[in-house]
Amino acid sequence: MPGPRSSRRRPLRIVVPSRNDPFLKQFTELVGGPLGRHSAPGLVSPGFFTVERVLIILTTFAALLSVLVKTPCRLVGWELPDYFYMGCYSDWPVLFDTRGLAEGVVPFVSAGSSFEYPVLLGLLAGATAWLVPGEGVSAGRALAYFDINATLAAVAWLVTVIATARMSHRRPWDAAMVALAPGIVLAGTINWDLWAAMLVALAMLAFARRRPVLAGVFIGLGAALKVYPVLILGAILLLAVRTGRYRPLAASAAAAAAVWLAANLPFMLVDFGGWFHFLDYSRQREAGYSSIWYAYNLTAQRQQLPVLSLEFINTASFLLFAAACAGIALLALTAPRRPRMASLVFLVVAAFVLTNKVYSPQFVVWLVPLVALAYPRWRDFLIWQFFEVMHWWAVWMHLGQVTSGGEAVRNLDAPYYVLAVLAHIAATAYIMGRVVRAIWLPEHDPVRRVGTDDPQGGDFDGAADKFALPLPGHAPATQMDPAPGAGGVALEYSAYGIDSLRRSARWPGIASGDAEGTRLNRQPEGEDQS
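Calculation criteria
- Residues numbered from 1 in each chain as written.
- Predicted model: local features only at pLDDT ≥ 70, side-chain atom pairs only at ≥ 80, totals over all residues.
- Heavy atoms only, no water.
- 1 Å grid on protein atoms, 1.4 Å probe; cavity = no way out; pocket = protein on both sides within 12 Å on 5 of 7 lines; lining within 4 Å.
- Points joined across faces, edges and corners; volume = space filled by probe spheres on them.
- Helix = DSSP H or I, 4+ residues; strand = E, 2+ residues; numbered from the N terminus.
- Patch = residues over 30% accessible without salt bridge, like charges linked within 9 Å, V, L, I, M, F, W, Y side chains within 5 Å.
- Areas by Shrake-Rupley, 256 points an atom, 1.4 Å probe, with all protein chains shown as cover.
- Salt bridge = Lys/Arg side-chain N within 4 Å of Asp/Glu carboxyl O.
- Buried < 20%, exposed > 50% of the residue type's maximum accessible area, 1.4 Å probe, protein only.
- Contact = heavy atoms within 4.5 Å.

## Quick word on empty space enclosed by the protein
Tallied over the entire structure, the rule returns seven cavities of 30 Å³ or more. Taken as a whole, the largest cavity encloses approximately 60 Å³ of empty space. Lining the largest cavity are Gly183, Leu186, Ala187, Tyr359, Pro361, Val364, Glu388, Val389, His391 and Trp392. If you list the elements that add at least two residues to the lining of the largest cavity, you get α10 (182-187) and α20 (378-404).

## A short note on a nonpolar patch on the surface
A cluster of nonpolar side chains, Phe61, Leu65, Leu68 and Leu180, forms an exposed patch at the surface whose accessible area comes to about 370 Å². Sorting elements by how many residues they give to the nonpolar patch places helix α3 (residues 51-68) first, with three residues. For Leu68, the location among the structural elements is in helix α3.

## Re the environment of Leu298
Checked against the element boundaries, Leu298 lands in helix α16 (residues 292-302). Classification of Leu298 by relative accessible area gives buried; the value is 13%. Leu298 sits 117 residues away from Pro415 along the chain, and the two C-alpha atoms are 8.8 Å apart. Ignoring anything within four residues of it in the chain, the contact list for Leu298 reads His398, Ala414, Tyr417 and Val418.

## Examining unusual backbone geometry
In this structure, Pro81 follows Leu80 across a cis peptide bond, with omega equal to 0°. Of note, Phe108 is a non-glycine position whose phi angle comes to about 75°, a positive value. Among the secondary structure elements, Phe108 is positioned in the loop between α6 (91-98) and α7 (119-130). Backbone geometry at Gln304 places phi at a positive 55°, although glycine is not the residue there. On the basis of relative accessible area, Gln304 is assigned to the exposed category, the value being 76%.

Below you can see the structure in the form of structure tokens.
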């Protein structure tokens, strides 16, 4: 007699934002109000407009809007300083003209070439240049290069959205944050960062599906494209220590190292100097625009105070990031309940972004999918995005001034630019604070309030603690027994500790942490008003 089917193959009631998110609920009157309590999204067929198809439509609309933002430059070309003042700057046409890509140079392949990005990104830049018709440097070819990369970036954006939805268990609509994020609309066509975000999303999806080797493959590819995807391994390490399950860590780390070496070793052997240029350039470059270090030096110059040296900034940024990682590790090992994978990945990546000596406007693309997984609350998300958009405009107005002088009426004075930098840093820190609060007080985690443990945790999902650092006044979390008749659901998405079997004020007798909350005759979504 066959055993119970896996909970992943059962129809699940999905969380509906219009009645689960208190902020969005206020804006549903124009469409008839929030979805009714007696509907069963996830169990009743929606017809053609499934969640994923709606997400694809939203992402396509946002991708078209991101190209529309670049219309001024697409019409008159990318010229300094106009592309700053018109808010349509993109690295693609600039690199196409200035790095030899228009003449057929392929970074890391062509003899004597150098590129300030990792290997896979250089190969991607050269490969897309091959697709541009014609020869030589021209405005038309630069425009074609932009359009090709914008189209491929839209595909990467779609993959990122779908991967985010598929690893969110009962909350696929959280991926709408990624589909509609103003930060991605404005910054997604600046550089190739959407490719890195896609590889991170695929790595986390593979890990969530208990395929750590495949996750390691995507991490290795991501690290060969942009450095930050390797930070996922830090979150896996912390969860391995807390649960005592080291096999997923070993498998993913080994696969990531093997793939990274396979992508880099041939170029290291053929031309080590060209391969090393990225690392040497990163070490020697000054503090980047919009970093906390640049903001300090800019203020110090105006106040005639000593500025920070490059050596000090390199050392201090590393030590600050190391201290932030130590704090995240302490949080992960002392929290009353094991943190979720997405929460730790977000905290590590955000700490890297804030402490690094370089911050580019497109770095917001790294964080958007992680915020959607770590703390999917629209009010906080839109607050953060507001300040990121404000900073996006401020940095272009500042760059127009420092790179070419520009007209005074078009420039942003340095103090206001510094305030915009501090605002974007504070907004990112605010989201980090919300995630830390949700880790320390799991009843405030919107993901775990629907009877879910860790949708992205893979082999760590539902695992008991093996090692945790006790703190005074905090009792260790205890594993709850599966609810009667749960049929294995509790084993895969069990609730632990503080939030276990919390009684609902609106639905007496129903426990919102119950492992059977996905069933039609159990708790309806929408009572969560945290």
